[in-house]
Amino acid sequence: MRQSHLFTKTRKSAPKDEVAKNAQLLIRGGFIHKEMAGVYSYLPLGVRVLSKIENIIREEMNAIGGQEVRMATLHPSENWKKTGGWDNVDVLFKIQSRTEKEYALGQSEEEIVTPIAQEYAASYKDLPFAIYQIGQKYRDELRAKSGIMRGREFGMKDMYSFHESQADFDRFYETVKQAYFRVYQRCGLDAKVTEASGGSFSEKLSYEFMVLTDAGEDDIVYCDCCTHCANVEVSKVAEGETCPKCGKSTLKKARAAEVGNVFDLGTKYPKSFGFTYKDKDGNDQTPIMGCYGIGTTRLMGTAVEVLADEKGIVWPETIAPFDVHLVAITGGNAELQAEADKLYEQFKENDIDVLYDDRDIRAGEKFADAELIGIPTRLVISEKTMQEGGVEVAERKSGSTTFVSESGIIEHLQK
RNA sequence: GCCGGGAUAGCUCAGACGGCAGAGCACCAAGUUCGGAACUUGGCGUCGGAGGUUCGAUCCCUCCUCCCGGAACCA
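Figured I'd write up the structure that's included with this text. (Residues numbered from 1 in each chain as written. Chains lettered and ligands numbered in written order. Predicted model: local features only at pLDDT ≥ 70, side-chain atom pairs only at ≥ 80, totals over all residues. Heavy atoms only, no water.)

**Side note on helix α10 (residues 363-373)**
The complete set of buried residues in α10 reads Lys366, Asp369, Ala370, Leu372 and Ile373. Buried residues of α10, viewed axially, fall in a sector of 165°; they line one side. Residues of α10 that are buried make contact with α1 (21-29), α2 (44-63), β17 (324-329), β18 (354-357) and β19 (377-382). At the C-terminal side of α10, Gly374 shows a positive phi close to 80°. (Buried < 20%, exposed > 50% of the residue type's maximum accessible area, 1.4 Å probe, protein only. Helix = DSSP H or I, 4+ residues; strand = E, 2+ residues; numbered from the N terminus. Arc of directions from axis to C-beta. Contact = heavy atoms within 4.5 Å.)

**Looking at the packing of α2 against helix α8 (residues 296-307)**
Where α2 meets α8, the closest approach of the two axes is 10 Å, and the angle between their N-to-C directions is 115°. When the axis of α2 is compared with that of α8, the two are roughly perpendicular. Crossing of α2 over α8 shows right-handed handedness. Here α2 contributes Gly46, Val49, Leu50, Ile53, Glu54 and Ile57 to the contact with α8, which in turn contributes Thr296, Thr297, Leu299 and Met300. By residue class, the composition of the contact of α2 with α8 is six nonpolar, three polar and one charged. (Axes fitted to C-alpha atoms, helices over the stretch in contact; angles between N-to-C directions. Parallel < 35°, antiparallel > 145°, perpendicular 65-115°, else oblique. Left-handed = near helix turned anticlockwise from the far one by under 90°. Nonpolar A, V, L, I, M, F, W, Y, C, P; charged D, E, K, R; others polar.)

**Remarks on the environment of Ala230**
Relative to the helices and strands, Ala230 is located in strand β12 (residues 229-231). Ala230 gets classed as buried once you look at its relative accessible area, which sits at 6%. For the pair Ala230 and Lys192, spaced 38 residues apart in sequence, the C-alpha to C-alpha distance is 9.1 Å. Setting aside residues no more than four positions away along its own chain, Ala230 makes contact with Thr194, Glu195, Asp219, Ile220, Val221 and Ser235.

**Observations regarding the environment of Glu153**
Structurally, the position occupied by Glu153 is in strand β8 (residues 153-163). Taking C-alpha positions, Glu153 is 5.5 Å from Lys137, a pair spaced 16 residues apart along the chain. In contact with Glu153, not counting residues within four places along its chain, are Gly38, Val39, Gln136, Lys137 and Tyr138. A polar side-chain atom of Glu153 sits 2.7 Å from a polar atom in the side chain of Gln136. (Polar contact = N/O pair within 3.5 Å; in protein donor to acceptor, adjacent residues only side chain to side chain.)

What follows is the structure, given as structure tokens:
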């Protein structure tokens, strides 16, 4: 894409009503636009990043047998009244129609997915299965904060699974945990899994996936030399004590952002809806249910928080809005401009995902913008580089530069 | 909803004793520039809203709205 066609622009300063690094950089770069506290619109660059995150999640959920759906976000109040959520879930947005009919906005989808599952699962032969979707969620937070880390409307992947037995649930639970680790790893983030409380809807322990960052809202204690990690709210062992798992190190405490969670829901929701299936002996049984969430927009915010430097965002290749930022420094030289245009066309022909800075502005502004936007690889074509018959290749993350000939650049980028 | 802070140009901010409201950036036009947000010249406010005090309020008082931080909460 030509940057001159991109309708968004960068800005030098962050708006004064944003303090969180993720929101400051994402707004300055033109990835998101704030509508009100806790609610953001996603602009072209932001949508590109979010789509890549969603696709990684989609691939991993599909790989473990998840089936993608898109459920309603406008919910009938009756379903929430059946489960008790109407009166007990304080973050539930409740709205009323002109005729005073009541609705809820989806803050989670058990109330919708359970009846759907019920419709199709009448026999033990129909189990197990897992349904997921990626979409908007609404939560009536008393205090939205931290940019896109904790909003009233946000993106989430939520998956729900239904099983015949606890053993089968446990098997799938573990499968999902492994898939989640792959998601975070592919997004360039190092996540830890912690034990945490199940919240208001489950008496069992849940697992949360945590990425260390001061922008988070949870405190965890973890071990450096093994995988032990727990939310301080449930940890029986405190900071500085010996790791109960490996016994080798003392535990450290850190701030972390929850980027996913998995819950054993037991039979609560199927029971609320009278969801039973026939077992082999013809008896009615209630399925065991699990739910699994990843906040897609929070994941995006976390990546910014964790990976950005003083110049701007540093996207991992896997979720960057573009793979390559081609920056033309022409100084008004038409031949050079034509040369850059040619290179851009060649990139497109070779399916290289490129943002081409063809704007008629000074070099310094282009460099500053490139660093702010954070595309992993920056190519510069200028009089200087042309004299040597090539382009400069700069890595955003390290700042290191190399020189590659014009004829070899496509091959260089494709490997 | 609680505690604290805040709201002045599109953006970032200054401002005064209560007395004609400013700068930089951005935007438009022209020119000079052209590898780190450059420069010159000319073109844009309901001082968040509503009351009150006052000859006069952006400034003082009251209420409200919105925003930020914190606490609490956190499917």
